[in-house]
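# Report on the structure
As a plain string of letters, each chain reads:
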Amino acid sequence: MGRKIDKVLITGAAGALGSALRSHLAGEFGLLRLSDIAEMPPAGGGEEVVTCDLADRDAVAALCEGMDAIVHMGGFPREADWDTIHRANILGAINLWEGARIQGVDRVIFASSNHAIGLYRRSQRIDHTTPARPDGRYGLSKAFGEDLAALYAYKFNVRGFCLRIGSCFEEPSNERMLHTWLSRPDLARLVRTGLSADYVYEVVYGMSDNPAGWWDNSRARALGYAPQDSAEDWRDKVEGIGPTNPIDGAFQGGNFASDEFVGEPDRVP
Ligand code: NAI
Ligand code: 15L
């Protein structure tokens, strides 16, 4: 079936999701190498902590040495100017996949985002075959990352598992998250699926077991993902916390879609 995954690099390990994964995956692998540009708590047993800027090509190539898999969480996590997005998410992704290729890494689990598909309508149900339709510069950088993962999977033998993550927070905080919420334990379950399943290249949705979901995540389930949490448990708390404007309410990306939107909504299919 494939190589044993024993040494795992997590980028963005100082961040919200990276540090959650650090706790959830602790002790499950021979080595967790934790990396970020920001400061991180010191290494515990079975861990290494390495400060590294994803925009530094040579440092990233060295970071990937000896790894079986990479969980790529590092990057800028919301809309920003082109320079910020380019450096952290585009150049950072190029350096990461080049490092993986050069060092013979088996697979990369990539934190893509629902903002890669944020200009689909809330009335549409989409799945893993649905092409990207980014809702901004940030979303476009995630769509780029998905295509980069496909190139390296098909041409250079680095498997790619792209998670179109919805909203990964402790709890849902608005009505939109009844569709998009991903609990942190379910994130860890999905990452474990990416680290253990047999595939070449996949796009799946980072969502809990939300019955109201816009996304058909049957491909993730077929690969072994079994989410245990549901946004429905928070319905009473979030009902009434709706979109702030009609564009936000029309598109899956919510306020990422409406920010800066000056187009004609009817022109979006
Ligand atoms: P975060 O901002 O808490 O963590 C991202 C980490 O990346 C930070 O610790 C930051 O220092 C690091 N980073 C940024 N630029 C870097 C660089 N040039 N070199 C090295 N490290 C760098 O964000 P969060 O929420 O933990 O998100 C993690 C990933 O998941 C991001 O890629 C984000 O785009 C993605 N994501 C998160 C969602 C969520 O709901 N939290 C939803 C969809 C995607
Ligand atoms: C994301 O991609 C962001 O990183 C996160 O902070 C949330 O805004 C999330 O999308 C979302 O759409 O809720």
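Let me sum up the structure you'll find in this document. None of the values given here were measured: they were computed from a predicted structure. (Residues numbered from 1 in each chain as written. Chains lettered and ligands numbered in written order. Predicted model: local features only at pLDDT ≥ 70, side-chain atom pairs only at ≥ 80, totals over all residues. Heavy atoms only, no water.)

## Observations concerning the overall build of the protein
- Each helix and strand counted, the protein has ten helices and seven strands in total.
- Relative to the globule expectation of 18 Å for 269 residues, the C-alpha radius of gyration of the protein, 18 Å, shows essentially globular dimensions.
- With the principal axes as the frame, the protein shows a C-alpha extent of 50 × 35 × 35 Å.
- Counting only contacts in the protein whose residues sit at least 6 apart along the sequence, the fraction spanning at least 24 positions is 68%.
- For the protein, the accessible surface area stands at approximately 11700 Å², while carbon and sulfur atoms represent 50% of it.
- Side-chain charges in the protein split into 28 positive and 38 negative, and the spacing between the mean points of these groups amounts to 4 Å. (Helix = DSSP H or I, 4+ residues; strand = E, 2+ residues; numbered from the N terminus. Rg over C-alpha atoms; globule rule 2.2 N^0.38 Å. Contact = heavy atoms within 4.5 Å. Areas by Shrake-Rupley, 256 points an atom, 1.4 Å probe, with all protein chains shown as cover. Lys, Arg positive; Asp, Glu negative; His and termini not counted. Charge placed at Lys NZ, Arg CZ, Asp CG, Glu CD.)

## Observations regarding the side chain of Arg137
- Structurally, Arg137 is set in helix 4 (residues 137-156).
- At a separation of 2.7 Å, a polar atom in the side chain of Arg137 contacts the main-chain carbonyl oxygen of Ala80.
- Contact partners of Arg137, with chain neighbours within four places excluded, come to Glu79, Ala80, Asp81, Trp82, Ile85 and Glu260. (Polar contact = N/O pair within 3.5 Å; in protein donor to acceptor, adjacent residues only side chain to side chain.)

## Some remarks on the site of ligand 1
- In the vicinity of ligand 1, 26 residues are found, and the nearest of them are Leu17, Asp36, Leu54, Tyr138 and Cys168.
- Between ligand 1 and the protein, one listed contact pairs a nitrogen atom with a backbone N or O atom of Ile37 at 3.4 Å.
- The separation between an oxygen atom of ligand 1 and a polar main-chain atom of Met73 is 3.0 Å.
- Relative to its unbound accessible surface of 820 Å², ligand 1 loses 85% to contact with the protein.
- Put simply, the parts of the chain that give the shell around ligand 1 at least two residues each are helix 1 (16-25), strand 5 (107-113) and helix 4.
- Counting residues per element, the shell around ligand 1 draws most heavily on strand 5, which supplies three residues.
- Within the shell around ligand 1, the residues separate by chemical class into 15 nonpolar, eight polar and three charged. (Near = heavy atom within 4 Å. Nonpolar A, V, L, I, M, F, W, Y, C, P; charged D, E, K, R; others polar.)

## Comments concerning the site of ligand 2
- Around ligand 2 lies a shell formed by Pro77, Ser113, Asn114, His115, Tyr138, Gly166, Ser167, Phe169, Arg176 and Phe256.
- Take His115: an N or O atom from its side chain is 2.7 Å from an oxygen atom of ligand 2.
- Contact with the protein chains covers 78% of the free accessible surface of ligand 2, which is 320 Å².
- For the shell around ligand 2, the residue count by class is four nonpolar, five polar and one charged.

## Topic: the pattern of salt bridges
- Summed over the entire model, instances satisfying the criterion amount to 24 salt bridges.
- The closest approach of N and O atoms between Glu47 and Arg22, which form a salt bridge, is 2.6 Å. Of this pair, Glu47 sits in strand 3 (residues 47-51) while Arg22 sits in helix 1, and the two are 25 residues apart along the sequence.
- Residues Glu202 and Arg219 are paired through a salt bridge, measuring 2.7 Å at the closest nitrogen-oxygen approach. In this pair, Glu202 is assigned in strand 7 (residues 201-206) and Arg219 in helix 7 (residues 218-222), connecting sequence segments 17 residues apart. (Salt bridge = Lys/Arg side-chain N within 4 Å of Asp/Glu carboxyl O.)

## Quick word on the pairing of strand 2 (residues 31-36)
- Among the six residues in strand 2, six count as buried, and that is most of the element.
- Along strand 2, one buried face is formed by Leu31, Arg33 and Ser35 and the opposite face, lined by Leu32, Leu34 and Asp36, is buried too.
- Bridge count for strand 1 (residues 7-11) against strand 2 is five bridges, and the pairing is parallel. Residue pairing across strands places Lys7 opposite Leu31, the latter belonging to strand 2. (Buried < 20%, exposed > 50% of the residue type's maximum accessible area, 1.4 Å probe, protein only. Pairing = 2+ DSSP bridges.)

## Overview of the sheet that holds strand 4 (residues 69-72)
- Taking strand neighbours across the sheet as the criterion, the seven strands line up as 3-2-1-4-5-6-7 in an open arrangement whose pairing is parallel. Two strands bound the open sheet, and with one partner strand each, they are strand 3 and strand 7. Direction aside, the axes of adjacent strands within the sheet are offset by 20 degrees on average.
- Where strand 5 and strand 6 (residues 159-165) come together, seven bridges link them in parallel fashion. Bridge assignment links Ile109 to a residue of strand 6, and that residue is Phe161.
- Helix 3 (residues 82-102) contacts strand 1, strand 4 and strand 5 of the sheet and is inclined by roughly 170 degrees relative to strand 4.
- Along the sheet, helix 6 (residues 184-196) makes contact with strand 1, strand 4, strand 5, strand 6 and strand 7, crossing strand 6 at roughly 165 degrees. (Axes fitted to C-alpha atoms, helices over the stretch in contact; angles between N-to-C directions.)

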